[in-house]
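Each chain, written out:
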Amino acid sequence: MFGKPTGVVLLVLFVLVAALADFGNGGLMLLGDLPIPAVYSALGTFYGALLLFGGMIGLCLIYGMWNLKSWARIILQIGFPAQVIFNIILDPAIFENYFLLALSIIIAIYLQLPSTREHFS
């Protein structure tokens, strides 16, 4: 019951990489150095700002997961699959989203395991 489960540490690292990617891509899109994907072209530079906001959400999740907060576990269980499903609806031709959907389901199941839930306050 003490310490962090290895899976939670891996999730924190995974969310950290995703947050850094959001910050990097969003910043480059706002600067005009990275083209905005065609699916999101109607949003224009606002899409870059959304990515920066997503990076901030990621930092909050990292804090919550590292400190084993229940709210972070619940947000990750609901938010990650919802975001991936939204991306699949927007552009079903991007096959990486289907891999991410399977990964998000596995993560949600892992976070529901009693041995994992007992670590969260």
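Residues numbered from 1 in each chain as written. Predicted model: local features only at pLDDT ≥ 70, side-chain atom pairs only at ≥ 80, totals over all residues. Heavy atoms only, no water.

### Topic: the side chain of Asn97
Stated precisely, the cut-off is as follows: Going along the chain from the N terminus, every DSSP run of H or I of four or more residues is numbered as a helix, and every run of E of two or more is numbered as a strand. Remark: exposure states derive from per-residue accessible area (1.4 Å probe, protein chains only) relative to the maximum for the residue type, with buried under 20%, exposed over 50%, and partly exposed in between. Whether two residues are in contact is decided by their heavy atoms, any of which lying within 4.5 Å being enough.
Considering the arrangement of structural elements, one finds Asn97 in helix α4 (residues 96-112). Asn97 sits in the buried class, given a relative accessible area of 9%. Leaving out residues up to four positions away in the same chain, Asn97 has contacts with Val84, Asn87, Ile88 and Asp91.

### Description of helix α3 (residues 70-90)
Count 3.6 residues to each turn of an α-helix, and residues three or four apart come out pointing the same way. Just so we agree on the cut-off: Take the number of residues in a helix, subtract one, and multiply by 1.5 Å to get its expected span. Working definition for bend: take the seven residues up to and ending at a residue and the seven starting at it, fit an axis to each, and measure the angle between the axes.
Here α3 contains 21 residues, and its C-alpha end-to-end distance of 30 Å stays within 8% of the 30 Å for a straight helix at 1.5 Å per residue. When the local axis directions of α3 are compared, the greatest deviation, roughly 25°, occurs at Leu76. Buried residues of α3: Ala72, Arg73, Leu76, Gln77, Phe80, Pro81, Val84, Asn87 and Ile88, and no others. Looking at the buried positions of α3, the neighbouring elements they touch are α1 (6-31), α2 (46-66), α4 and α5 (114-117).

### Describing the side chain of Ser104
Along the chain, the position of Ser104 falls in helix α4. When its relative accessible area of 1% is taken as the criterion, Ser104 is described as buried. When sequence neighbours within four positions are dropped, the list of residues in contact with Ser104 reads Phe80 and Pro81.

### A word on the environment of Tyr40
For Tyr40, the location among the structural elements is in the loop between α1 and α2. Overall, the relative accessible area of 14% leaves Tyr40 in the buried class. Once the C-alpha coordinates of Tyr40 and Asp91 are considered, the two residues, 51 residues apart in sequence, prove to be 9.8 Å apart.

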